[in-house]
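Working through the structure, step by step
The primary structure of each chain is shown beneath.
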Amino acid sequence: MNCIYKDPSAPIEARVQDLLSRMTLQEKIGQMTQIERSVATPSAIKDLSIGSILSVGGSGPFENAKSSDWAAMVDSFQKAALESRLGIPLLYGIDAVHGNNNVYGATIFPHNIGLGATRDVDLIRRIGAATALEVRASGIHYTFAPCVAVCRDPRWGRSYESFGEDPEIVKMMTSLISGLQGQPPQGHPSGYPFLAGRLHVVACAKHFVGDGGTRNGINEGDTISSYDELEKIHMAPYLDCISQGVCTIMASYSSWNGTKLHNSHFLLTEILKDKLGFKGFIISDSEGLDRLSNPHGSNYQQSVLSAISAGIDMVMVPLRFELFLKELMHLVESGKVPMTRIDDAVERILRVKFVSGLFEHPLSDGSLLATVSCELHKKLAREAVRKSLVLLKNGKDPKRPFLPLDRSAKRILVVGRHADDLGYQCGGWTMTWDGKGGRITTGTTILDAIREVVDDKTEVTYEQNPSASTLAGKDYSFAIVVAGEGPYAEFGGDSTELKIHFNGAELISIVADKFPTLTILISGRPLALEQQLLDKMEGLVAAWLPGSEGGGVVDVIFGDHDFQGRLPITWFKNVKQLPMHAEDNSYDPLFPIGFGLTSKNEILKG
C-alpha cells in the first residue's frame, strides 16, 4: 500500500489524511498526549504512540546540562518514537521564553516586559530567530512562547511575561513568532500553521485568553468583562499571531466570567477555531485538566470530557498519562466523546508535525551547537538590554542631568545584591521554573560590566548590604544602587504590596543620604516608590529583568548609548490605585505608560 504520508512531495493535507486513516484509536489518543520527560520511557513512547514530551521548568538530563547533552536526550526519545508502528515523530517542547533559558550556557534575553519597553519590532523578530537556533541546537522543536498576555494589573505574578498593558504594544511584539517560526510567504493562508525549516521552531501563543486581566491580578483568577472588551483588549494580539501562522495556542488556567478557559467551548472552538480560523492545535497548560476540579485532580474523567469537548487538542498531562489515556479511551468507546472530535484534534497535531518537517528531519543537527551563546547572540541580547532601559529620573535639577556617569571618577560605590547576581538579573524561568540567585549560568553581571568599562585608575567598591555606620566617613564620587525583586514565577509572584525586596528602599535611602546616587531597579514590573525616596535619588533607571548580558546596562549609564526605552506599563503612585490604565478618568500615575527620558532629559516620543 502506497504510504502517502511518508512522501515529502505530497500535499500536507493529503499526508495528514493518509496517516490518520492508518491510525488506531490508541495511536490517535497517544498523539493527543504530552508527557514529562521524567516519566517518559522508550516502551511507553513506542507502544502508546505518545505525541509529545516536554521538560517542565528545571527538568533536564542533569544539573547544568549543556545543549549537546539535551540534544542527546531528546534524540534518544525520538528514536523510540520512530520505532513505533507508524513511525510518527515526537514534538519535544520547552519553555524557552527569554532565550533557551532552561539550558546552561544559553543566551538569556530580557524578559518580555523589558522587550515591550523597546517598541522595536525588528529587534524582537531577531531575538526570536536567535532563540530558535539555540533551541534547535538542543534538539528541541517546540517552545511555549510567546506569552501575548495584556497585563492590566502589575500585582499579577506573571507581569514580566507580558509585553505591556496596551494591546497595541503586545500586537507589535508578536513579531517574535516570525523570528521563531520564520516569515510566512505572501499569500500564506491566515490561520494555517507555518514553519520555515530546520533553523526554526514551533511557537505557541499563550495563554488564551484574558490571563492578564484577572480581578486584582490574581494568577489563574477570573477576568470579568464583556465579550467586546475581551476581544478588544485580550484577544487582539492573537489575530496577529494567527496571521503569522502560529502553529499552536495554549489555553489559559484562568477563567472568563466564571468559566475556566479549559472548559470554554465558546472561546476555544466557536471563536478561536471557527471564527478566527485557527488551523493549528490548541494545547492545555500543565495539569490544566486537573485544575478543572476541586480538589485538583479529582473527578478526572469529567475534567477530560469537558476539556476535550471544549476544543483542547493536545493535553499537557504531564505525569499521570496512563490515567489520561485510559479515561479518554473510555469516553470515546462509550460515545461521550465523538470520533469526529478525536480526528479533528489529531489532524491538527499531524498538520503541525508535517509543516515543521519533523518527518523528514526528526533528529538534532549538531552543526547548530556553535550558535549557542555565540558572539552574535550575546551582542543581540546586549542590544536588547540597552534598548529596554527606561530612564525615569535624571538629576534632582532637570537642568543639570546626572547621567551619563563619569567612567573616570576617582571612587565609585556599587551597592546591592542585584548588582552581582546573575540569577536575580535573569529572573524567573531561568534554569528552574521560578529562578534562583547566584551564578546560575554564564553571563555578565552589572558589577562585572562596571569594572570592565571604568578607567584603570578608578576605584570600584562593592558593598552588598551596607549600613549607615559602615558608610560613615567614606568618600565616593557617586553611588550606584542596584535593587529590585528576587526571582519568582506564576502565583509565587502575586503581590498586593509590590515592595522592593530585601529592604531595598531602606538601602537606597541610606546610600542616597550620603552620596549622589543612581538607582537601577531590577524587577518584572513597576514597584512601590515613595516620593520621599524618589526625591533623594539623582537618577532612576528601570532595567526590568535584563538577562545574561549586564553589559547592556553599563553601555547606557556611562553614555556609550543613549536611553531609548519607554514604559510599557503604568508606574503607579500607590498600590491602592490599582488597577489603573491610561484611559481611566482618574489616571494619576507616578509615571505614565510611554514615559521615558533621554540623558539630556528630553521626553522620548512614540
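Residues numbered from 1 in each chain as written. Predicted model: local features only at pLDDT ≥ 70, side-chain atom pairs only at ≥ 80, totals over all residues. Heavy atoms only, no water.

**Some details on the overall build of the protein**
This is how it is decided: The way it works is that DSSP assigns letters per residue, a run of H or I at least four long becomes a helix, a run of E at least two long becomes a strand, and they are numbered from the N terminus. In this description the radius of gyration comes from C-alpha coordinates, and the expected globular size is given by 2.2 Å times residues to the power 0.38. A 1.4 Å probe rolled over the protein chains alone gives each residue an accessible area, and that area as a share of the maximum for its type sets the label: buried under 20%, exposed over 50%, partly exposed in between. Between two residues, a contact is recorded if the distance between any of their heavy atoms is within 4.5 Å. All accessible areas in this document rest on Shrake-Rupley with a 1.4 Å probe, and a residue is counted as covered only by the protein chains that are shown. His is not counted, nor are the chain ends, whereas Lys and Arg count as positive and Asp and Glu as negative. In plain terms, the charge of a residue is placed at NZ if it is Lys, CZ if Arg, CG if Asp and CD if Glu.
What the protein contains, in helices and strands, is 20 helices and 17 strands. Here the C-alpha radius of gyration of the protein, 25 Å, is about what a compact globule of 606 residues would show, namely 25 Å. Taking the principal axes of the C-alpha coordinates as reference, the protein spans close to 85 × 50 × 45 Å. When burial is assessed residue by residue, the protein has 65% of its 606 residues classed as buried. Summarising the internal contacts of the protein: among those between residues at least 6 apart in sequence, 77% fall at separations of at least 24. For the protein, the exposed surface amounts to about 21300 Å²; the carbon and sulfur share of it is 49%. Computed over 60 positive and 71 negative side-chain charges, the separation of the two mean positions in the protein equals 2 Å.

**Quick word on the UniProt feature "domain: Glycoside hydrolase family 3 N-terminal" (unreviewed entry) in the protein**
Here is the rule we go by: UniProt positions are given in the numbering used here, feature names are shortened, and annotations may be inferred rather than shown by experiment.
The feature "domain: Glycoside hydrolase family 3 N-terminal" (unreviewed entry), as given by UniProt, occupies residues 24-352 in the numbering adopted here. Helix makes up 41% of residues 24-352 and strand makes up 10%, while its end C-alpha atoms are separated by 20 Å.

**With respect to helix α1 (residues 12-22)**
Among the residues making up α1, those that are buried are R15, V16, D18, L19, L20 and R22. Contacts made by the buried residues of α1 are with α2 (25-31) and α13 (339-355).

**Observations concerning helix α9 (residues 227-243)**
Worth spelling out the cut-off: One axis is fitted to the seven residues ending at the residue and one to the seven starting there. The bend at that residue is the angle between these axes.
At M235, α9 shows its largest bend, some 60°, and a proline, P237, comes one to four positions later. Residues of α9 that are buried include every one of Y227, L230, I233, H234, M235, A236, P237, Y238, C241 and I242, and no others. Count one or two residues on from α9 and you reach G245, which has phi positive near 80°.

**Re the sheet that holds strand β3 (residues 91-94)**
This is how it is decided: Following DSSP output, two strands are said to pair if at least two bridges run between them. The angle between two axes is taken between their N-to-C directions and runs from 0 to 180 degrees, where each axis is a line fitted to C-alpha atoms and a helix contributes only its stretch in contact.
With parallel pairing, five strands are arranged side by side in an open sheet as β4-β3-β2-β1-β11. With partners counted over all chains shown, the strands left at the sheet margins are β4 (142-143) and β11 (315-316), one partner each. Two elements, strand β2 (residues 52-55) and β3, share four bridges in a ladder whose sense is parallel. When the bridges of β3 are listed, I53 appears paired with Y92. Strands β2 and β3 of the sheet are contacted by helix α4 (residues 67-82), whose axis makes an angle of about 140° with β3.

**Topic: the nonpolar core**
Convention followed: Nine residue types can take part in a nonpolar core, namely buried Ala, Val, Leu, Ile, Met, Phe, Trp, Tyr and Cys, and a core is a set of them joined through side-chain atoms within 4.5 Å.
One finds L19, F208, M235, I249, L267, I283 and L328 to be the most contacted residues of the largest nonpolar core, which totals 116 residues. Ranked by residues supplied to this core, first place goes to α13 with eight residues. Residues contacting F208, with those up to four places away along its chain left out, are M235, Y238, I249, M250, A251, S252, L261, L267, L268 and L272. With 80 residues, the next largest nonpolar core counts I113, I412, F478 and A479 among its residues.

**Observations concerning the packing of aromatic side chains**
What characterises a pair of aromatic rings is the spacing of the ring centres plus the angle enclosed by the ring planes. Basically, it comes down to this: Two aromatic rings from Phe, Tyr or Trp, using only the six-membered ring of Trp, form a pair when their centres are within 6.5 Å; if the ring planes differ by under 30 degrees the pair is stacked, by over 60 it is edge-to-face, and anything between is tilted. Lysine NZ or arginine CZ positioned within 6 Å of the ring centre and within 35 degrees of the ring normal marks a charge as sitting over the ring.
On inspection of all chains with the given rule, the structure shows 16 aromatic pairs. For the ring pair W256 and F266, a centre distance of 6.2 Å and an interplane angle of 20° mean the geometry is stacked. Linking W256 in strand β8 (residues 255-256) with F266 in helix α10 (residues 265-275), this pair joins segments that are 10 residues apart in sequence. The buried category is assigned to W256, whose relative accessible area is 13%. Take F266: its relative accessible area is 33%, and that puts it in the partly exposed class. Look at Y476 and F515: their rings are 5.3 Å apart centre to centre, the planes differ by 85°, and that puts the pair in the edge-to-face class. You can see Y476 sitting in the loop between α17 (468-471) and β15 (478-484) and its partner F515 sitting in the loop between α18 (504-512) and β16 (517-522), a full 39 residues away along the chain. Given a relative accessible area of 6%, Y476 falls into the buried group. When its relative accessible area of 7% is taken as the criterion, F515 is described as buried. Three or more aromatic residues joined by ring pairs make a cluster, and in this case those are Y5, F354 and F359. Here the guanidinium or amino end of R291 rests over the ring plane of Y253, the centre of that ring lying 4.1 Å away.

**Description of the packing of α9 against α10**
We apply this condition: Convention used here: angles under 35 degrees read as roughly parallel, angles over 145 as roughly antiparallel, angles from 65 to 115 as roughly perpendicular, and any remaining angle as oblique. Each crossing is labelled by how the near helix is turned from the far one, with a counterclockwise turn of less than a right angle marking it left-handed and a clockwise turn marking it right-handed. Classification convention: Asp, Glu, Lys, Arg as charged; Ala, Val, Leu, Ile, Met, Phe, Trp, Tyr, Cys, Pro as nonpolar; all other residues, Gly among them, as polar.
Packing of α9 against α10 leaves a shortest axis separation of 12 Å and a crossing angle of 50°. Between α9 and α10, the interaxial angle falls into the category oblique. The two elements α9 and α10 cross, and the hand of that crossing is right-handed. Contacts between α9 and α10 pair Y227, L230, E231, M235 and I242 from the former with F266, L267, I271, L272 and K275 from the latter. Each residue belonging to the contact of α9 with α10 can be placed in one class, and the counts come to eight nonpolar, no polar and two charged.

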